[in-house]
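# Structural description and commentary
Next come the chains, spelled out residue by residue.
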There are 2 protein chains.
Amino acid sequence: MEQPSRLAGTVRPGGRTARVRAAVLDATQDILVEHGFHGLTMDQVAARAGVGKTTVYRRWGSTPRLVADLMKELANQSSPHADTGDVECDLLANAVSVWEAVTDGRLGATLQAVIAAATCDEEAADALRTFFARRIEEWATVVDLAVKRGELPEGTDGGELIRAISAPLYYRLVVTREPVTRWDAERSVSRTLAAARAGAFVP
Amino acid sequence: MEQPSRLAGTVRPGGRTARVRAAVLDATQDILVEHGFHGLTMDQVAARAGVGKTTVYRRWGSTPRLVADLMKELANQSSPHADTGDVECDLLANAVSVWEAVTDGRLGATLQAVIAAATCDEEAADALRTFFARRIEEWATVVDLAVKRGELPEGTDGGELIRAISAPLYYRLVVTREPVTRWDAERSVSRTLAAARAGAFVP
DNA sequence: CGGTTAACGGGACCCCTATCCCGTTAGTGG
DNA sequence: CCACTAACGGGATAGGGGTCCCGTTAACCG
């Protein structure tokens, strides 16, 4: 149930271990797409990945921790954003990437699974917090640059602005469960930008 | 597993049935507060409510449907909002009521449970959609009144404005899992209002 | 290339949860 | 007040997910 102790003996991160990890994480994502988080069992993951059930339990312990590990893996594949020199373009790129992530079957299913897992597992919640903290921080830089260029008021809080852009999209996805369209992404950008230009993001 | 057929024979909504329903829903909420949705089992609900396990299965069938029913019950207790004659006041009241709902142990636990249940059960998802659709519609009226008074631009979309106010709060609660404060509620109002005054909510 | 041992795999076991059967209780209508 | 039956309750059963034990495999190191 615990991650195996790394204190006694030597670690072996070599070939087989890495192969097993990849197979298990892949199988997990497949099952999430097909059955969602509620339909994810250690049993199925093991069978699908072609590994022993015991192995999955030993290394991950539970489905929430499995999903948390998957999220950490995806967090590392974070694609760097473009900096076009125009805030509206940059922020639209951000909103659209959120929309795509949420719409895309594979990534969307994983995101929703982590959100579900986070409600019952602190490790999954941490993975989620870390993931978004990093994403927000990355995108906040384009706001800072826009402030330097004079496109937005001095002192505009970049992190809060980025949050404000994706919030309506996730709100529709998870809370009100309304369809999320590209149109929603575009409107969120223009609305948030209107508030920002009016100085609403300056504390 | 199905709701018992109401076609053959007579329905008996009288004393005992209503008492059982109330006891079960109460027990459900208690368990949600203590253990969350993942720790909710039909067994515990039955035991806690002091009713037969069979009864709970017969009338609700699963925990997501139990939670969905609880949500419908709470939706009917929807408290009407005040209309102070000042948009900012009204919207602040809205944001604060969301903040309180999310912060309050009992209601907050239930809300998060329904959100979790909605990811794996269509009935729970429906309950959620219905609940929010109604709430949004109710509060949208204060926006319409403000437009009539000339406080906001003609054509402002009330529903979207209300969504925009609560979105950041739920976003923090469910997605980024950051703490939600009254300060967040206040900022959300002022930012959304700034965008609205700039005409960002006029299609 | 061969010994050492971390890591994996198969299968038996166990507990918890869902389901079923049937006897009992108590609303309902006359 | 009585017959009727919808709805409830207890207990026995079964199925599936999780745990454990121990033999096997293959990475690491000299």
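Computed from a predicted model, the values in this text were never measured in an experiment.

Attention now goes to the relation of the copies chain A and chain B. Once chain A is rotated about the relating axis by 180° and shifted along it by 0.0 Å, it coincides with chain B to within an RMSD of 0.1 Å. Such a turn and shift between the copies fits a two-fold axis. Every residue of chain A has its C-alpha some distance from the rotation axis, and the shortest such distance is that of A:Ala195, at 2.2 Å. Most of the interface of chain A is mirrored in chain B, where 100% of its interface residues are also at the interface.

Attention shifts here to unusual backbone geometry. All names here are of chain A. Phi angles above zero are rare outside glycine, and Arg177 is one such case at about 55°. In this fold, Arg177 is placed in the loop between helix H8 (158-175) and helix H9 (182-197). You can call Arg177 buried: its relative accessible area is 18%.

A word on the UniProt feature "domain: HTH tetR-type" (unreviewed entry) in chain A. Cross-referencing UniProt, the feature "domain: HTH tetR-type" (unreviewed entry) maps to residues 18-78 of chain A in the present numbering. Between the end C-alpha atoms of residues 18-78 of chain A there is a gap of 20 Å, over a span that is 77% helix and 0% strand.

For the rest of this paragraph, the subject is the interface of chain A and chain B. Taken residue by residue, the interface counts 31 residues in chain A and 31 residues in chain B. At the boundary of chain A with chain B, total buried surface from both sides reaches about 3,000 Å², with 63% on carbon and sulfur atoms. For the chain A face of the interface with chain B, the top three residues by lost area are A:Tyr171, A:Arg177 and A:Arg191, together amounting to 24%. At the boundary of chain A with chain B, the tally comes to eight salt bridges. Salt-bridge contacts for A:Glu178 lead to B:Arg163; the nearest nitrogen and oxygen are separated by 2.4 Å. Inspection of the region where chain A meets chain B yields 13 residue pairs in polar contact (both at pLDDT 80 or more). Only helix H6 (105-118), helix H7 (122-149), H8 and H9 of chain A provide two or more residues apiece to the side of chain A that touches chain B.

A few words now on the domain arrangement of chain A. Residue and element names in this part refer to chain A. Once the domains are mapped, chain A shows domain 1 (8-72) and domain 2 (78-197). On a C-alpha basis, the centres of domain 1 and domain 2 stand 29 Å from each other. With 13 residues of domain 1 at the contact, the number on the domain 2 side is 16 residues. Summing both sides of the interface, domain 1 and domain 2 together bury roughly 1,300 Å²; the carbon and sulfur share of this comes to 71%. Among the residues of domain 1 in contact with domain 2, Gln29, Phe37 and Met71 are the three that bury the most area, contributing 41% of the side total. Linking domain 1 with domain 2 are three salt bridges. Between Glu123 and Lys72 there is a salt bridge whose closest N-O contact spans 3.7 Å.

Below, the discussion takes up the UniProt feature "DNA-binding region" (unreviewed entry) in chain A. UniProt records the feature "DNA-binding region" (unreviewed entry) for residues 41-60 of chain A in the present numbering. Annotated as 75% helix and 0% strand, the span residues 41-60 of chain A places its first and last C-alpha atoms 12 Å apart.

Residues and elements named next belong to chain A. It is at 7 Å that the axes of H6 and H7 come closest, and there the two elements cross at 130°. The orientation of H6 relative to H7 falls into the category oblique. In the crossing of H6 with H7, the sense of the turn from one axis to the other is left-handed. Contact residues: Leu111, Val114, Ile115, Ala117 and Ala118 in H6; Ala124, Ala125, Leu128, Phe131 and Phe132 in H7. A breakdown of the residues in the contact of H6 with H7 according to their chemical character gives 10 nonpolar, no polar and no charged.

Calculation rules
- Residues numbered from 1 in each chain as written.
- Chains lettered and ligands numbered in written order.
- Predicted model: local features only at pLDDT ≥ 70, side-chain atom pairs only at ≥ 80, totals over all residues.
- Heavy atoms only, no water.
- Least-squares fit on C-alpha atoms with pLDDT ≥ 70 in both.
- Contact = heavy atoms within 4.5 Å.
- Helix = DSSP H or I, 4+ residues; strand = E, 2+ residues; numbered from the N terminus.
- Buried < 20%, exposed > 50% of the residue type's maximum accessible area, 1.4 Å probe, protein only.
- UniProt positions renumbered as here; feature names shortened; annotations may be inferred.
- Buried area = accessible area lost by both parts, 1.4 Å probe.
- Salt bridge = Lys/Arg side-chain N within 4 Å of Asp/Glu carboxyl O.
- Polar contact = N/O pair within 3.5 Å; in protein donor to acceptor, adjacent residues only side chain to side chain.
- Domains from an automatic or database assignment.
- Axes fitted to C-alpha atoms, helices over the stretch in contact; angles between N-to-C directions.
- Parallel < 35°, antiparallel > 145°, perpendicular 65-115°, else oblique.
- Left-handed = near helix turned anticlockwise from the far one by under 90°.
- Nonpolar A, V, L, I, M, F, W, Y, C, P; charged D, E, K, R; others polar.

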